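Summary of the model geometry
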Amino acid sequence: MFLDRLFLSEFDDDQIWSAFHRLRGYAAPPFDASEGHAHVADGLRLLAYEDWAALEELYGSQTADQRHHWLDGMGALHPMDKALPKVPDTAFGYAIAGGVLVGKAWRARGFGSTHLITDERAAAYTRILEDARWALGRAERKDGLDVVITSYQIRCGLGLGMDRDTIYAFEDRLLAAREPSLLADNTMLQCYARKWYGSHDAMWDWAQGRCNEESARNPSWLALLARAEIEHWMYECHLSPDEAARDTYLATTRTSAFRDQSLDLQSRFLDSLARHRDPSDTAQLHYAHNAFGTYFHLFGPKEGLAPHLEAIGSTPALIPWIHTGIEDDSLAFLNSIRRKAGLKPFLEKISDG
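A brief structural summary. (Residues numbered from 1 in each chain as written. Predicted model: local features only at pLDDT ≥ 70, side-chain atom pairs only at ≥ 80, totals over all residues. Heavy atoms only, no water.)

Along the chain, the position of Thr-150 falls in helix α8 (residues 147-160). Under the relative-accessibility criterion, Thr-150 is labelled buried at 0%. (Helix = DSSP H or I, 4+ residues; strand = E, 2+ residues; numbered from the N terminus. Buried < 20%, exposed > 50% of the residue type's maximum accessible area, 1.4 Å probe, protein only.)

Another aspect to go through is the pattern of salt bridges. Overall, the coordinates contain 16 salt bridges when judged by the stated rule. The partner of Arg-210 in a salt bridge is Asp-185, with the nearest N and O atoms 2.8 Å apart. Remark: Asp-185 occurs in helix α10 (residues 182-192) and Arg-210 occurs in helix α11 (residues 200-214); sequence separation between them is 25 residues. Here Arg-259 ties to Glu-303 by a salt bridge, and the two come within 2.7 Å at their closest N and O atoms. (Salt bridge = Lys/Arg side-chain N within 4 Å of Asp/Glu carboxyl O.)

The residue Tyr-59 is located in helix α4 (residues 52-60) in this model. Discounting residues that sit within four places of it in the chain, Tyr-59 has contacts with Arg-67, Trp-70, Leu-71, Phe-92, Ala-95, Ile-96, Asp-146, Val-148 and Ile-149. A distance of 2.6 Å separates the side chain of Tyr-59 from the side chain of Asp-146, its partner in a polar contact. (Contact = heavy atoms within 4.5 Å. Polar contact = N/O pair within 3.5 Å; in protein donor to acceptor, adjacent residues only side chain to side chain.)

A ring pair, where both rings are aromatic, is described by two values, the distance of the centres and the angle of the planes. A full pass over the atoms with the stated rule returns twelve aromatic pairs. Between the NZ or CZ atom of Arg-109 and the centre of the ring of Tyr-125, over which it lies, the distance is 6.0 Å. (Phe/Tyr/Trp six-rings, centres within 6.5 Å; stacked < 30°, edge-to-face > 60°. Lys NZ or Arg CZ within 6 Å of the ring centre and 35° of its normal.)

Moving on, we come to empty space enclosed by the protein. Under the defined criterion, the tally for this structure stands at one cavity of 30 Å³ or more. Taken as a whole, the largest cavity holds about 40 Å³ of empty space. Considering the residues around the largest cavity, the lining is formed by Ala-193, Arg-194, Lys-195, His-200, Met-203, Glu-231, Tyr-235 and Leu-239. No other element matches the three residues that helix α12 (residues 223-239) contributes to the lining of the largest cavity. Considering only residue class, the lining of the largest cavity consists of four nonpolar, one polar and three charged. (1 Å grid on protein atoms, 1.4 Å probe; cavity = no way out; pocket = protein on both sides within 12 Å on 5 of 7 lines; lining within 4 Å. Points joined across faces, edges and corners; volume = space filled by probe spheres on them. Nonpolar A, V, L, I, M, F, W, Y, C, P; charged D, E, K, R; others polar.)

This part takes up the side chain of His-68. Position of His-68 among the secondary structure elements: in helix α5 (residues 64-77). Residue classification places His-68 among the buried residues on the basis of a relative accessible area of 0%. With residues up to four places along the chain from it excluded, the contact list for His-68 reads Val-148, Ser-151, Tyr-152, Arg-155, Ser-181, Leu-183, Ala-184 and Thr-187.

Relative to the 30 Å expected for 21 residues at 1.5 Å per residue, helix α14 (residues 256-276) spans 30 Å between its end C-alpha atoms, a close match to the ideal helical length. Of all the positions in α14, only Phe-258, Ser-262, Leu-265, Gln-266, Phe-269, Ser-272 and Leu-273 are classed as buried. Mapping the buried residues of α14 onto a view down its axis gives an arc of 140 degrees, with all of them on the same face. α14 presents Ser-256, Ala-257, Ala-274 and Arg-275 as exposed residues on the side facing more than 90 degrees away from its buried surface. Those residues of α14 hidden inside the fold are in contact with α12, α13 (243-253), α15 (282-299) and α16 (306-312). (Expected span 1.5 Å × (residues − 1). Arc of directions from axis to C-beta.)

Another point: the environment of Gly-36. Tracing the chain through its elements places Gly-36 in the loop between β1 (26-27) and α3 (40-49). Taking the C-alpha atoms as reference, Gly-36 lies 8.7 Å from Gly-73; in sequence the two are 37 residues apart.

Given below as C-alpha cells:
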C-alpha cells in the first residue's frame, strides 16, 4: 500500500484516471475540429467535387451564425496541402473561399504566442490571409450585407495588422447587415479587447450594448458577457506585465459578489432559453454554452458547469477552451472538467491495430 501511494503521488488525478481507463482498453476520443456542425463533411466533399450549385444551396439554407460556424469547421479541416478549386464569380463562392482560407491561415501560423511562431509559419500565415482578403473583398462588392463576409474581413484585418480606424469602420457594416450574428459580434468584441485595439471598458461597452440589443429576442447573446470576462482574464493573467493589476483582478473574481453575479447571469440565460429556445439556432447555442462552460471552469462555482457541459456534449469549441490549457488533440481536457462536475467522461475503445 505504501509503495502504491509513493508511485501514484508522482501523477495528478487526470493522469491516474487516464491510465486506469487505458488499462481497461479505453481512451478519450479525438477532438472534433468540425465542432459538431452537421454540414462540414458535406461542404468539404462538395468543395472537392467543385459542386458549386449544391454549395450555394447549402450556404443559403443556413442562418448567418450557422454559415459562420460551417466555414470555421471547413477551414479547420480542409487539407493544408490542397489549394481551393476555382471559385465562381459570386458572393457566396468568394465568401466560402475567404472563410476557409482564414481558417487555414491560422492553422499555418499555429495558436501559440507570437514569439513562438517561426518566420516560415508567419510568412505562410500572411500569404494565405492576403488571399483570403482578396476573396472577401470580391464577396463584399457583390453582397455587402452578408454579416459573415464582414466578420471574416475583420479577422483578416486583425491578422494582417490593419490600422485601428480601418478595423473599427467594419462595425457600421456589421450592424447594417441583413441579420444579426452572435459570432460576428464576438469577432468585433476581439477588436475592442485590450489585447488588440481597445480597452477593457470599450470591450465591456460593446458586449453590454449588443447584449441589451439582442438578448431579449435571443438569450444566447448573454454569452457575450461571459466571453468578455474570459478576454479580460486572459489579458490580465497572460498578457499584462502589471502583476499588481493581475492580483487585484483575480481577487475580485473570488468574491461572493462575483459569484452571485455569475450565477445570476447563468439563471437569466437558462430561464430565458427555456422560454425562447429556437431549435434551429444550433451555432448560437454552441457558442453560448462553450462560453459559459469556459467561464465557470475558470471562475466557478463548479455547480455552474454541468448544464453547459451536458449541452456541449462531445463536440466542444476549440476557442475559448484553448485558453485554459489544452495539451493534446483529444477530449482528455474535457473529461477532466466533466469529472470535476460529476459527469461521466467520453471514452472510446482503443483499436487493437
